[in-house]
Number of protein chains: 2
Amino acid sequence: MTKSALQIARAAYQPKLPKALATGAVKVVEGAPTQSVADQEAIKALFPNTYGMPLITFEAGEAAQLPAMNVGVILSGGQAPGGHNVISGLFDGIKKLNLANKLYGFILGPGGLVDHNYKELTADIIDEYRNTGGFDIIGSGRTKLEKVEQFEKGYEIIKQLGIKALVIIGGDDSNTNACVLAEYYAAKNYGVQVIGCPKTIDGDLKNDMIETSFGFDTACKTYAEVIGNIQRDCNSARKYWHFIKLMGRSASHIALECALQVQPNVCIVSEEVEAKDMSLDDVVTYIAKVVADRAAQGNNFGTVLIPEGLIEFIPAMKRLIAELNDFLAANAEEFAGVEKSQQREYIIGKLTPENSAIYASLPEGVARQLTLDRDPHGNVQVSLIETEKLLSEMVATKLAAWKKEGKYNGKFAAQHHFFGYEGRCAAPSNFDADYCYSLGYTASMLIANGKTGYMSSVRNTTAPAAEWIAGGVPITMMMNMERRHGEMKPVIQKALVKLDGAPFKAFAAQRDHWALNTDYVYPGPIQYFGPTEVCDQPTKTLQLEQAK
Amino acid sequence: MTKSALQIARAAYQPKLPKALATGAVKVVEGAPTQSVADQEAIKALFPNTYGMPLITFEAGEAAQLPAMNVGVILSGGQAPGGHNVISGLFDGIKKLNLANKLYGFILGPGGLVDHNYKELTADIIDEYRNTGGFDIIGSGRTKLEKVEQFEKGYEIIKQLGIKALVIIGGDDSNTNACVLAEYYAAKNYGVQVIGCPKTIDGDLKNDMIETSFGFDTACKTYAEVIGNIQRDCNSARKYWHFIKLMGRSASHIALECALQVQPNVCIVSEEVEAKDMSLDDVVTYIAKVVADRAAQGNNFGTVLIPEGLIEFIPAMKRLIAELNDFLAANAEEFAGVEKSQQREYIIGKLTPENSAIYASLPEGVARQLTLDRDPHGNVQVSLIETEKLLSEMVATKLAAWKKEGKYNGKFAAQHHFFGYEGRCAAPSNFDADYCYSLGYTASMLIANGKTGYMSSVRNTTAPAAEWIAGGVPITMMMNMERRHGEMKPVIQKALVKLDGAPFKAFAAQRDHWALNTDYVYPGPIQYFGPTEVCDQPTKTLQLEQAK
């Protein structure tokens, strides 16, 4: 590996740990038994061995040499900054317990467990990856661990390698599956523990016990860096509106956090759009209004942040897409026979009036996408829709109409951006480097203490790292029952943006001011070596949520 | 202005200056008379007052109080990191000469001079912008100063404000115009000096005397940061080819510098494509070959860097576009009558065989763009072509053909990116902060010494800043005659990538290795506070060019 100067310098960083973990051994403090956030009876029935376990916090204990044990680790799903530090924390934790302990990494995600594709992670490998971004130490993958054959196939290699515990680093679904696996191995008395770690840049895996998922901090700061740069350009050239789409799946946490960091003119929050039952036209009108109000002050420029999942949160769009899916499935042959240039009119004539009107209002490119670009199941591929272009085109159309009516007199030219891959593998910020290392180290302590079905938990994260509280949360505690592919399933509740939460309220209180005024903030690139107020601040979201 | 923590911390940075400038007054050392790089007689005839002046270098002199003078400054053209530091260096320089000196900034570019739109830049304004990115202190614009009426209009406000000298911060064209203005004011004996400063992220304003244009360093490092992050993601997920287009206008300096920093699997260099008379199919075949070779090793992922100006450097594409422009201009009416769905076939039937074949090979979206999206003069808008998507679509088509022939057996899925606005207003790296401040300070010394028609010059830039050599270069020295809009004009020679230059040769020597192996480098974000090997390195381009 050819290394950059920063990589070399950054390798020497020693992540900070909570006090309780600093001695390398811990005393377990058990809380009261827990229950799931909802559907207690159903969850309890599905997880007889891992339901109701107590919350755990660690206090500093006396270092003790435990019998040797081997541990396996899996990276599951999309990349998030800090994954390598979870692994190095886990490695250092188990080595502190007993130098003979071994760590095995399964290759390219959960599939590596099923396919028996693994490698031992030795000290020299681990040292190459400390404080680096990416999941490339063992790769990641999206295979879902949910079938008994997979569990049994995994158990074969677990037995063969003498693995006492598996650590699964993943998002809400992966942690749900980690718990199902923990329950299965417990029920079978295989003596294999399973521990989860909360990973996702999307920030949607959090709750009373998990303050934040790792990677959110670094990814948001990286996006905020480039958005800030664009805003400075926007404010210098004063001639473009920049429409910026941001990753984050369904939840708008990333867009909201970036908005709090950069103070854009507009940020759409999907959860609010849904709660207010806004139509696509409502969203477009809102943006166009800001454009027109700024134009009235001579400012024909601005920035708009758009969460990736927006389209599916617009109730009317959801209904349109549902009807389109049903209609095209039922009339595939007839539709295929329609002349390309007639397809739009054909569809408009077939839909219910409400959906027909919305469909007719869409720019041609998007309308085509909705009927042509379909996934193997015949469904519209919503994630392929370039929402940033869709919105700017519709805003342009609306402004043109307002211009004719004399309600708008400005210039409107747009630039488009989509940020996602730029931030998922950034080198972790000090926060994520410390948080991830602590999560991994905590996982090793949960293992040493015989726990299974727990998620590694590090709390009090807006305090200095020494004061962080390490422990474990029973995964069942975060579950409820939800309909998935027509079946009721136990799943960890996904955390969407709460409209009564402090981050959204802080945003909502300021957005009208940001809309009209140009009060951009330019956060600049993540710093690793400077003053603590520059290098060590958690996200605005976390600061606002944890503020007493 | 709401400020980020980094902005606040960075404001305290004191840019480093060449030794000769440190005392605040300089001794002028004049070299031999100069001549233009080509067309000496023609240039001399056009610039009788500013031709043949000597090169100037500064040595440390004794501080002296000069009579008070006022200076004007203009930001011209696209943003580049460090512009605010040129202005603060200029401000500090003239204030050191005499505290009564005043600096006026013309608003939104050269248009501000013509329209008498300006503001005095006082110490408290300057202090708000030290070491920040962007041009927002006074804004920038693209008005070209080339007409006598503009010069005279400018002179009115110059007289009114008692301005002794104008500093024009811009790219090759803006500096050419600065020199025309200098010549005009000299010929008229107006007693107004004009000094240029070399700005452009594109890196195409450089020559024997100007080692680099400011902003190139920071912009490339910002792009290299996000490309590095994408590469780390690419190498973790192992399932996508990322096609990444990079700003840079005609020249490929940015793409080449980024390639040297991140070691991608493919980087296309427009100047090489042109020199080798490569067709679009040649470029596509080259990329597809790398994809196939990597697939043969089980690596169905990779990165491709594409310079913004590529299309216009493919001789065959240039010919196609020229014929399309001519044909559609001559047959606009007939073409307008052709059914949309028949337009492609219509065009194919009308072009010469060579161009017809190329046109037929283009993906539908691009073909449509070439005939429909035309500028007000009826010409194809090449800059709107999404080259990154064009190439990936054509690579996919070629791979599908190879698959049928049994020559390729892999998976190909692509992601697309375009980086430009992300880097033009980044906060300047230490290099750009120092370089720009020195350029501005040098400009003040050129003014104090009565010079006009000079470009501020700071050389020896791979040495520590104290050893940098400050001085001035007659702008006429960089000029030659070129055809512009049908007329021969004196212009500063644009510096394209030299295929026999050290940066390209270093790239060419390694690219086959980078293509097949995954030897990505992850530069990470620009650091301002860390160890010098992380924070203070100039670009690879500069290091290679200046290596003895």
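This text goes with the structure placed above it.
Residues numbered from 1 in each chain as written. Chains lettered and ligands numbered in written order. Predicted model: local features only at pLDDT ≥ 70, side-chain atom pairs only at ≥ 80, totals over all residues. Heavy atoms only, no water.

*Asks:* Whenever I open this one, the sheet that holds strand 6 (residues 163–170) of chain B confuses me. Can you help?
*Replies:* The strands that make up a sheet are held in pairs by hydrogen bonds between backbone atoms, and each pair lies either parallel or antiparallel. Residues and elements named next belong to chain B. Taken in spatial order, the 9 strands make up an open sheet running 1-2-13-12-7-6-3-4-5, and their pairing is mixed. If you trace the sheet from one side to the other, it starts and ends with strand 1 (26–33) and strand 5 (118–120), each paired once. The mean inter-strand angle of the sheet, taken between neighbouring strand axes irrespective of direction, is 25 degrees. Two strands pair when backbone bridges link them, and strand 2 (residues 54–60) and strand 13 (residues 469–474) are joined in this way by 2 bridges, in the antiparallel orientation. Within the sheet, the bridge partner assigned to isoleucine 56 lies in strand 13 and is glycine 472. (Pairing = 2+ DSSP bridges. Helix = DSSP H or I, 4+ residues; strand = E, 2+ residues; numbered from the N terminus. Axes fitted to C-alpha atoms, helices over the stretch in contact; angles between N-to-C directions.)

*Asks:* Just checking my understanding: could you explain the relation of the copies chain B and chain A for this structure?
*Replies:* One copy of the chain maps onto the other through a rotation about an axis plus a displacement along that axis. After a rotation of 180 degrees and a shift along the axis of 0.0 Å, chain B superposes on chain A with an RMSD of 0.0 Å. As the rotation angle and translation indicate, the two copies are arranged about a two-fold axis. Comparing interface residues between copies, 100% of those in chain B also sit at the interface in chain A, which points to an isologous, same-surface contact. (Least-squares fit on C-alpha atoms with pLDDT ≥ 70 in both. Contact = heavy atoms within 4.5 Å.)

*Asks:* Would you mind showing me how to read the sheet that holds strand 12 (residues 454–459) of chain A here?
*Replies:* All names here are of chain A. Reading across the sheet, the 9 strands line up as 1-2-13-12-7-6-3-4-5 and stay open at both edges, with mixed pairing between neighbours. Both outer strands of the open sheet, strand 1 (26–33) and strand 5 (118–120), are each paired with one neighbouring strand and no more. Looking at each pair of strands side by side, their axes are set apart by 25 degrees on average, direction ignored. By the bridge criterion, 6 bridges tie strand 1 to strand 2 (residues 54–60) in an arrangement that is antiparallel. In the strand pairing of strand 2, proline 33 is matched with proline 54.

*Asks:* When you look at the pairing of strand 7 (residues 193–198) of chain B in this model, what are you seeing that I'm missing?
*Replies:* On any regular strand, side chains alternate: one points to one face of the sheet, the next to the other face. Residue and element names in this part refer to chain B. With respect to burial, strand 7 is a largely interior element, 6 of its 6 residues being buried. Two strands pair when backbone bridges link them, and strand 6 and strand 7 are joined in this way by 6 bridges, in the parallel orientation. Its bridge partner being in strand 7, alanine 165 is matched across the sheet by glutamine 193. Running through helix 7 (residues 172–187), the crossover from strand 6 to the neighbouring parallel element strand 7 is right-handed. With 2 bridges joining them, strand 7 and strand 12 (residues 454–459) adopt parallel strand pairing. (Buried < 20%, exposed > 50% of the residue type's maximum accessible area, 1.4 Å probe, protein only. Right-handed = clockwise from strand over helix to strand, strands pointing away.)

*Asks:* Looking at this structure, how should I read empty space enclosed by the protein?
*Replies:* Any empty space left between atoms is shown by rolling a water-sized probe over those atoms. In the structure shown here, the tally under the stated rule is 5 cavities of 30 Å³ or more. In this model, the largest cavity occupies a volume close to 140 Å³. In terms of lining residues, the largest cavity is bounded by 18 residues, among which Tyr522 and Gly524 of chain A together with Gln7, Gly133 and Ala427 of chain B are the most central. Those elements giving two or more residues to the lining of the largest cavity turn out to be helix 8 (216–237) of chain A together with helix 1 (5–10) of chain B. Top contributing element to the lining of the largest cavity by residue count: helix 1 of chain B, with 3 residues. Of the residues that constitute the lining of the largest cavity, the class distribution is 8 nonpolar, 7 polar and 3 charged. The volume enclosed by the second largest cavity comes to roughly 120 Å³. Lining the second largest cavity are 15 residues; nearest its centre among them are Gln7, Gly133 and Ala427 of chain A together with Tyr522 and Gly524 of chain B. (1 Å grid on protein atoms, 1.4 Å probe; cavity = no way out; pocket = protein on both sides within 12 Å on 5 of 7 lines; lining within 4 Å. Points joined across faces, edges and corners; volume = space filled by probe spheres on them. Nonpolar A, V, L, I, M, F, W, Y, C, P; charged D, E, K, R; others polar.)

*Asks:* Would you explain the environment of alanine 433 of chain A in this entry?
*Replies:* All names here are of chain A. Mapped onto the elements of the fold, alanine 433 is located in helix 19 (residues 430–448). Given the relative accessible area of 0%, alanine 433 is considered buried. Through-space distance from the C-alpha of alanine 433 to that of alanine 9 is 14 Å; in sequence the pair is 424 residues apart. Discounting residues that sit within four places of it in the chain, alanine 433 has contacts with Arg10, Tyr13, Pro15, Asn85, Asn131 and Pro428.

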